[in-house]
Amino acid sequence: MTQTASDLSPSAQGAIAEALNQCVAETAVSTMLAQNFHWNVTGMAFGPLHALFQEIYEDHFVAQDDLAERIKALDAHAEGMLAGMLKRSKVTEHDGKTDDKTMIKAMQVAQETLAATLAAAGELAAEHGDTLTEDLCIARGQTHEKFAWMLRSHLT
Ligand SMILES: [Fe+2]
């Protein structure tokens, strides 16, 4: 049965919030990764890659806020420390000192990781009948898969 945030049990709220904190952490780390590559990318495709990485970090900056505020709607704590986010995140940082193709591949992997994390969070929300969190996760997962496709298309 579909449940709203306030109808969920405290344990369900906590479990879903934990999954969403993972999503926020990976979205935040990917935001920084995209901005890093936006600054440091070089090569003949500088213009479009500079713009694509900007599109990604602007999208992610809005998304991390949407995900964190869903955690607050579930009456849980939203992780707001970079150190805590890095600890949770399966997306890793990069020093940005590399060529354009390596950056594209690293960002593609980040997007695929995010899509999987969002899909898992959505599935967990669905198990608890939390349709509204599930919907948010599905929408975010689709966006990450779109970015993964756009990045992958540069390399094939
Ligand atoms: Fe810029």
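Everything below is about the structure shown above.
Residues numbered from 1 in each chain as written. Predicted model: local features only at pLDDT ≥ 70, side-chain atom pairs only at ≥ 80, totals over all residues. Heavy atoms only, no water.

Position of Ala139 relative to the elements: it lies in helix α5 (residues 131–152). Look at Ala139 and you get partly exposed, because its relative accessible area is 38%. The sequence separation of Ala139 and Leu118 amounts to 21 residues, and the corresponding C-alpha distance is 8.9 Å. (Helix = DSSP H or I, 4+ residues; strand = E, 2+ residues; numbered from the N terminus. Buried < 20%, exposed > 50% of the residue type's maximum accessible area, 1.4 Å probe, protein only.)

Structurally, Gln13 is set in helix α1 (residues 10–40). At 2.9 Å, the side chain of Gln13 and the backbone oxygen of Ala5 are in polar contact. (Polar contact = N/O pair within 3.5 Å; in protein donor to acceptor, adjacent residues only side chain to side chain.)

With that settled, consider the layout of surface pockets. By volume, the largest pocket is sized at about 170 Å³. Looking at the largest pocket, the residues that line it are Ala28, Val29, Thr31, Met32, Phe61, Gln64, Leu82, Met85, Leu86 and Glu93. Those elements giving two or more residues to the lining of the largest pocket turn out to be α1, α2 (46–73) and α3 (82–88). If one sorts the elements of the lining of the largest pocket by residue count, α1 sits on top with 4 residues. Across the lining of the largest pocket, the residue classes break down as 7 nonpolar, 2 polar and 1 charged. (1 Å grid on protein atoms, 1.4 Å probe; cavity = no way out; pocket = protein on both sides within 12 Å on 5 of 7 lines; lining within 4 Å. Points joined across faces, edges and corners; volume = space filled by probe spheres on them. Nonpolar A, V, L, I, M, F, W, Y, C, P; charged D, E, K, R; others polar.)

Across the interface, α1 lies against helix α4 (residues 100–127) with an axial gap of 10 Å and an inter-helix angle of 165°. Classified by the angle between their axes, α1 and α4 sit roughly antiparallel to one another. Read as a crossing pair, α1 and α4 show a hand that is left-handed. Mapping the contact onto sequence places Ala15, Ile16, Ala19, Gln22, Cys23, Glu26, Thr27, Ser30, Leu33, Ala34, Phe37 and Asn40 in α1 and Met103, Ala106, Met107, Ala110, Thr113, Leu114, Thr117, Leu118, Ala121, Leu124 and Ala125 in α4. Here the residues of the contact of α1 with α4 are counted per class, giving 16 nonpolar, 6 polar and 1 charged. (Axes fitted to C-alpha atoms, helices over the stretch in contact; angles between N-to-C directions. Parallel < 35°, antiparallel > 145°, perpendicular 65-115°, else oblique. Left-handed = near helix turned anticlockwise from the far one by under 90°. Contact = heavy atoms within 4.5 Å.)

Right, let's get into the nonpolar core. Residues Leu20, Val24, Leu67, Ile71, Leu74 and Leu118 are the most contacted members of the largest nonpolar core, which totals 22 residues. Listing elements by their share of this core, those giving two or more residues are α1, α2, α4 and α5. Of all the elements, α1 adds the most residues to this core, at 9 residues. The residues touching Val24, leaving out its near neighbours within four places in the chain, are Gln64, Leu67, Ala68, Ile71 and Met85. The next biggest cluster of nonpolar side chains, apart from the first, holds 17 residues, and it includes Val41, Leu49, Phe53 and Phe147. (Core = buried A, V, L, I, M, F, W, Y, C linked by side-chain atoms within 4.5 Å.)

To continue, consider the state of the cysteines. Under the counting rule described, the total for this entry stands at 0 disulfides. No disulfide involves Cys23; its sulfur sits 5.1 Å from that of Cys137, the nearest cysteine. (Disulfide = S-S within 2.5 Å.)

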